[in-house]
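# Observations on the model geometry
Listed below, chain by chain, are the residues.
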Amino acid sequence: MVLKAFKFRLYPTDDQERAFARTFGAVRYIYNWGLDLTKAKWDHIEVMRYSWGGDFRTCDMEMVATMKNWELKDKSKDGYPTPLNHKQRSAMLTHELKKEEPWLNEVADKPLRYALRNLDQAYQNFFRRCKTNDKNPKKPKKDEAPGFPSFKSRKSNQSFQVQGENVRLDEDAGFVSLPKIEKISIRLHRRVTGTIKTTTVSRTKSGKYYISFQVDDGLELPPLKPVRSATAIGIDVGLSTFVTTSDGEKINGITPFRNSMTRLAVLQKRASRKEVRSQNWKKAQRKVAIVYEKIANQRRDFQHKLSRRLVDDHSAIFVEDLNIAGMIKNHTLAKSISDAAWYQFIQQLSYKASWAGKTFAKIDRWEPSSKTCSSCGYKVKDMPLSTREWNCPSCGSLHDRDINAAINIKNAGLNLLHTNAI
Ligand SMILES: [Zn+2]
């Protein structure tokens with residue numbers, strides 16, 4: 001089973017746009033409501049547990065009585081108390097909240113249930129993190145904020161989700177129907193093959209609507225094809241050159257976007273001079289968002305084409321394992337954009353390779369790929385970043401720094417493969 005994502009632009013009518021806006025708002029409201037409910041009780045339990053663990057006689061009697069009545073039997077899998085579980089929250093939504101807040105009945109019910117599911121997932125992740133952090137405080141999963149689930153603000157992503165069975169896609173007519181929002185015009189640039197599992201509707205900051213389907217194609221991943229050394233490739237990523245290959249190819253990814261980057265900087269400066277939340281400020285923000293999306297689209301398009309070509313042309317692809325944690329900390333905008341670009345690009349290579357039955361592997365970044373001569377294996381002690389070309393003192397080969405590194409990455413990958421370490 002392989003999950004694939006399909007993303008398409010939506011063209012809602014004014015009425016549908018209003019329905020989307022109501023749904024985005026309601027979903028956020030439900031998420032925050034559920035979080036607030038549980039957070040209040042969670043804090044209460046923490047206070048209780050703390051008092052209980054302390055000196056019994058210092059607790060006031062009212063607290064002790066509450067403690068006794070509290071159902072502490074209800075525990076999550078990890079042994080942490082769950083003051084309210086998903087089922088209870090869902091029941092409260094039906095029997096209490098919808099009666100207190102009748103406007104919630106104007107939006108479809110399914111996205112609200114999905115929001116509660118997401119909240120439950122956020123709690124489960126929180127409990128899991130608490131548990132991992134007890135044993136191994138340095139190892140949260142990547143992209144995870146360590147704390148308690150947080151409230152969603154108006155500034156959060158405008159989106160909602162429903163399960164696949166609640167979606168009807170009419171590919172011939174070019175419509176998609178969601179609960180309570182029927183026949184939304186959709187631009188389908190490729191056919192959706194497989195069973196839709198999850199559907200996400202989102203609105204970008206510049207006001208465009210997208211729908212993405214997570215689809216199970218019902219197929220198994222193809223078996224890995226044999227690797228030949230001649231068609232294997234090593235890839236070195238860098239700041240000045242986006243990608244350098246062991247075949248000696250250098251591909252720039254950043255230069256084509258420089259115009260847009262300049263425009264972005266100008267617009268951001270303009271936006272910063274407007275009075276915050278004024279009409280002009282909003283207009284300026286929208287312009288910034290449009291250019292930002294344009295840059296992101298150009299980059300995605302470029303990366304998809306490049307990763308497709310590299311996977312099609314090679315039997316195995318080896319890259320250096322990037323230090324993502326170190327990357328996130330860096331400062332300049334240009335650098336953080338290019339870091340994100342590498343990360344996305346490497347993910348694309350990885351999944352495209354696995355669908356095509358090609359080998360893909362990351363090489364330990366501590367292998368001295370830049371400082372080793374790819375011809376004779378001699379290791380140079382120092383290699384300042386400014387050195388772009390060098391002569392091997394042992395065999396005399398002239399090396400381009402990045403191409404030499406890419407060849408070493410390829411050789412390390414082939415070595416791993418031969419020792420069955422992949
Ligand atoms: Zn050498």
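Heads up: the structure comes first, above all this text.
Thresholds, definitions, all that
- Residues numbered from 1 in each chain as written.
- Predicted model: local features only at pLDDT ≥ 70, side-chain atom pairs only at ≥ 80, totals over all residues.
- Helix = DSSP H or I, 4+ residues; strand = E, 2+ residues; numbered from the N terminus.
- Contact = placed C-beta atoms within 7 Å.
- Pairing = 2+ DSSP bridges.
- Axes fitted to C-alpha atoms, helices over the stretch in contact; angles between N-to-C directions.
- Buried ≥ 20, exposed ≤ 12 C-beta atoms within 10 Å, placed from the backbone.

Looking at the element boundaries, N157 is found in the loop between α4 (109-135) and β2 (158-163). For the pair N157 and F24, spaced 133 residues apart in the sequence, the C-alpha separation amounts to 9.0 Å.

For the rest of this paragraph, the subject is the environment of V311. One can find V311 in helix α6 (residues 279-313). Sequence-wise, V311 and Y351 are 40 residues apart; in three dimensions their C-alpha atoms are separated by 9.9 Å. The contact partners of V311, leaving out residues within four places of it in the chain, are I317, L349, K352, A353, A356 and K358.

This part covers the sheet that holds strand β12 (residues 359-363). Whether parallel or antiparallel, the strands of a sheet pair through hydrogen bonds between backbone atoms. Spatially, β10-β9-β8-β11-β12 is the arrangement adopted by the five strands of the open sheet, whose pairing is mixed. Each having just a single partner strand, β10 (250-251) and β12 make up the two edges of the open sheet. When strand β8 (residues 232-237) meets strand β9 (residues 243-245), the two strands line up antiparallel, connected through three bridges. Within β9, the position partnered with V237 by the bridge is V243. Sitting on the sheet, helix α9 (residues 401-418) touches β8, β9, β11 (316-320) and β12, and the angle it makes with β8 is about 130°.

Checked against the element boundaries, P384 lands in the loop between β12 and β13 (389-391). Look at P384 and you get exposed, because 5 C-beta atoms sit within 10 Å. Between the C-alpha atom of P384 and that of K371, which follows or precedes it by 13 residues, the distance is 9.8 Å.

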